[in-house]
Amino acid sequence: MRGDSATCRICAGRVDPWCDFGRQPVSQAFRSPGETADEYFYRLTIGVCAVCTMVQHVERVPPAMMFHADYPFRSGSSAAMARHFEQTAEQLVADERLTRRDALAVEIGCNDGTMLAAFRRAGVRHLGIDPSRAAADIARDAGSPVRVEFFSEATASAVRTTEGPADVVFSANTISHIADVCDVFRGVATLLAPNGVFVFEDRYIGDIVRQTSFDQIYDEHCFLFGVRSVAELAARCGLELVDAVPIPVHGGSIRYTVARPGTRTASPQVARLAEDEREQGLHDPERLRAFEQRVTATRDELVGLLTKLRAQGARVVGYGATAKSATVTNFCGIGTDLVEFVSDSTPEKQGLLTPGMHLPVRPPSAFCDPYPDYALLFAWNHAEEILAKERAFSEQGGRWILYVPKVHIV
Ligand code: TYD
Ligand code: ZN
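Residues numbered from 1 in each chain as written. Chains lettered and ligands numbered in written order. Predicted model: local features only at pLDDT ≥ 70, side-chain atom pairs only at ≥ 80, totals over all residues. Heavy atoms only, no water.

**Considering the overall build of the protein**
Part 1: Within the protein, the secondary structure is distributed over 14 helices and 18 strands.
Part 2: Relative to its length of 410 residues, the protein is compact, with a C-alpha radius of gyration of 21 Å against a globular reference of 22 Å.
Part 3: The principal-axis extents of the C-alpha atoms in the protein amount to approximately 65 × 50 × 40 Å.
Part 4: The 410 residues of the protein split such that 58% are buried.
Part 5: Put simply, 67% of the contacts in the protein that link residues at least 6 apart link residues at least 24 apart.
Part 6: When the accessible surface of the protein is summed, it comes to about 16,200 Å², and 50% of that surface belongs to carbon and sulfur atoms.
Part 7: Here the protein carries 43 positive and 52 negative side-chain charges, and the mean point of each set is 2 Å from the other. (Helix = DSSP H or I, 4+ residues; strand = E, 2+ residues; numbered from the N terminus. Rg over C-alpha atoms; globule rule 2.2 N^0.38 Å. Buried < 20%, exposed > 50% of the residue type's maximum accessible area, 1.4 Å probe, protein only. Contact = heavy atoms within 4.5 Å. Areas by Shrake-Rupley, 256 points an atom, 1.4 Å probe, with all protein chains shown as cover. Lys, Arg positive; Asp, Glu negative; His and termini not counted. Charge placed at Lys NZ, Arg CZ, Asp CG, Glu CD.)

Quick look at the structure:
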């Protein structure tokens, strides 16, 4: 069931298969209802490198199938995340003294410019780089410069030539999306000023395992980063991991700080988290088997609950047509027999069908007209924001179904 081993994209070590989710579609390949073309499927298996501990996909989806002009995700769709990026930018501006003349902040994967806007407001020279034209146009319209392309060593050289070195390179939920991540790190090494920092946030493998949040495993997340594996990756590309700060976004992430070796004092937190990972066995496929068993238990429980509710005549609607939900719906086999439709605030997703299971995506106005009996919260990482926003749903008797860390109703 677990297939063959693969070769590590960081260190060429042996990647031992760990978890298999079977046939999966491209997670954000929403389809028009009239679409007849075959859907692209791949086998979603992840493994752990026996040498550098990087958790990674065994089969690779071609990047152009995932990230293209019409990529539908928008950073600004969560008010809480927009606030988070604003605070992060303000902190970087202060810590790295970016208001000094000629300082430059570059964001890899700037999407609609939610983060760039904060640099703009602070008067910091900035540049976004993102291959999605539709998202980049929003950032440009707001007044931030964006290069519409994938970030690579070649892009980094071109930016350094035209703009000079970067004092801060920032990225959120993007670095783990890039299969040739060594090229990205080499590009960062090319672009950074001698004393510059590369700060990036990504979902944390430790939180994914601890909470059984298996829906974080999908095509775009080529890697599930940990402190040990990122330290190894940085070192192999001539850089050093100098800080790792756990942050609560997206169900548990880490903000990594990478610099040129010897230019910054490494925080003791790096060694501490690496030791925790060793103790938890996050490098050991045998110790990770328990995760796989918990995933299967969650699937059985969730499908059992939805089946029972439907048999009782209850209406269940999904909330948030997330990329993550592609793994849940396809792995669990959740179709319109169990969930009527998915409510989502992103105009680009509305009117389309979710990949693989083809659940219709409707605007939030459909959610309350009339309210369903249950809402399955696919966007559980925004639970606080959404439950507050949808208080009227709960007050009139609606219930939320969550499946992280286990299936429960609130
Ligand atoms: P997100 O959780 O950022 O993740 P993923 O990376 O898995 O796609 O996506 C959140 C989705 O939920 C996005 O499509 C917007 C939608 N959403 C709503 O519909 N209403 C809301 O109040 C919020 C916060 C998000
Ligand atoms: Zn490796």
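**Description of the coordination of the zinc ion (ligand 2)**
Part 1: Looking at the zinc ion (ligand 2), one finds its protein donor set to be C8 (SG), C11 (SG), C49 (SG) and C52 (SG), positioned 2.3 Å from the metal centre.
Part 2: In this structure, the zinc ion (ligand 2) is coordinated by 4 donor atoms arranged in tetrahedral fashion, with angles at the metal of 98 to 117°.
Part 3: Taken in sequence order, the residues that donate to the zinc ion (ligand 2) follow the motif C-x2-C-x37-C-x2-C. Remark: C49 occurs in strand β3 (residues 41–49) and C11 occurs in the loop between β1 (6–7) and β2 (14–25); sequence separation between them is 38 residues. Residues C11 and C49 agree in their burial class; the two are buried. (Donors = N, O, S within 2.8 Å, 3.2 Å for Na, K, Ca; no water. Tetrahedral: all angles 85-135°; square planar, octahedral: opposite > 155°, others 65-115°.)

**Structural notes on the side chain of D219**
Part 1: Looking at where D219 falls in the secondary structure, it is placed in the loop between α7 (205–211) and β10 (223–224).
Part 2: No salt bridge is formed by the buried D219; its nearest oppositely charged neighbour, R203, is found at 11 Å.
Part 3: Among residues more than four places away in sequence, those in contact with D219 are P25, V26, S27, Y42, H57, V61 and M66. (Salt bridge = Lys/Arg side-chain N within 4 Å of Asp/Glu carboxyl O.)

**Re the domain arrangement of the protein**
Part 1: Each domain of the protein was delimited in the assignment, giving domain 1 (75–285) and domain 2 (292–409).
Part 2: The interface is formed by 17 residues belonging to domain 1 together with 17 residues belonging to domain 2.
Part 3: Buried area between domain 1 and domain 2, both sides added, is near 1,500 Å², and the carbon and sulfur share of it is 60%.
Part 4: Considering only the side of domain 1, the residues that lose the most area to domain 2 are T212, F214 and D215, jointly responsible for 44% of the buried surface there.
Part 5: Viewed at the interface, domain 2 and domain 1 are joined by 0 salt bridges.
Part 6: On inspection of domain 1 and its partner domain 2, the count reaches 10 residue pairs in polar contact (both at pLDDT 80 or more). (Domains from an automatic or database assignment. Buried area = accessible area lost by both parts, 1.4 Å probe. Polar contact = N/O pair within 3.5 Å; in protein donor to acceptor, adjacent residues only side chain to side chain.)

**Structural notes on unusual backbone geometry**
Part 1: Between D369 and the following residue, P370, the backbone shows a cis peptide bond with an omega angle of -5°.
Part 2: The residue P370 is located in the loop between α12 (364–367) and β16 (374–377) in this model.
Part 3: Note the cis peptide between V404 and P405, where omega equals 0°.
Part 4: Along the polypeptide, P405 turns up in the loop between β17 (399–402) and β18 (408–409).
Part 5: In this model, T212 sits at a positive phi of 50°, which is unusual for a non-glycine residue.
Part 6: Structurally, the position occupied by T212 is in the loop between α7 and β10.
Part 7: Positive phi, close to 55°, is recorded for H358, a residue that is not glycine.
Part 8: By secondary structure assignment, the location of H358 is in the loop between β14 (342–343) and β15 (361–362).
Part 9: Using a relative accessible area of 29% as the deciding quantity, one classes H358 as partly exposed.

**Focus: helix α2 (residues 79–95)**
Part 1: Here α2 spans 24 Å end to end across 17 residues, near enough to the 24 Å set by a 1.5 Å rise per residue.
Part 2: Buried within α2 are the following residues: M81, H84, F85, T88, A89, L92 and V93.
Part 3: At the N-terminal boundary of α2, the capping side chain belongs to S78, with an oxygen 3.3 Å from the backbone nitrogen of A80.
Part 4: Among the residues trailing α2, R97 stands out with phi positive, at a value near 50°. (Expected span 1.5 Å × (residues − 1).)

**Quick look at the site of ligand 1**
Part 1: The environment of ligand 1 is formed by 21 residues, the closest being K324, D344, K349, N381 and K389.
Part 2: In the environment of ligand 1, an oxygen atom lies 2.8 Å from a nitrogen or oxygen atom belonging to the side chain of K324.
Part 3: For ligand 1, whose unbound accessible area comes to 560 Å², protein coverage reaches 97%.
Part 4: At 3 residues, the largest contribution of residues to the shell around ligand 1 is made by helix α13 (residues 383–389). (Near = heavy atom within 4 Å.)

**A closer look at the sheet that holds β1**
Part 1: Read from one edge of the open sheet, 5 strands run β1-β2-β3-β4-β10, paired in antiparallel fashion. Looking at the sheet topology across the chains shown, the edges are occupied by β1 and β10.
Part 2: Across 2 bridges, strand β4 (residues 55–57) lies against β10 in antiparallel orientation. Residue pairing across strands places V55 opposite L224, the latter belonging to β10. (Pairing = 2+ DSSP bridges.)

**Quick notes on the pattern of salt bridges**
Part 1: Counted by the stated rule, this structure contains 19 salt bridges.
Part 2: Notably, a salt bridge pairs E163 with R125, separated by 3.4 Å at the nearest N-O pair. With E163 in helix α5 (residues 153–163) and R125 in strand β6 (residues 125–129), the pair connects residues that are 38 residues apart, well separated along the chain.

**A closer look at the nonpolar core**
Part 1: In terms of nonpolar packing, the biggest core is built from 110 residues, with W18, F185, F198, F225, V227 and Y256 touching the most fellow members.
Part 2: Here the element with the most residues in this core is helix α6 (residues 181–191); it accounts for 7 residues.
Part 3: Residue assignment places this core across two domains, with domain 1 (75–285) and domain 2 (292–409) each supplying three or more. (Core = buried A, V, L, I, M, F, W, Y, C linked by side-chain atoms within 4.5 Å.)

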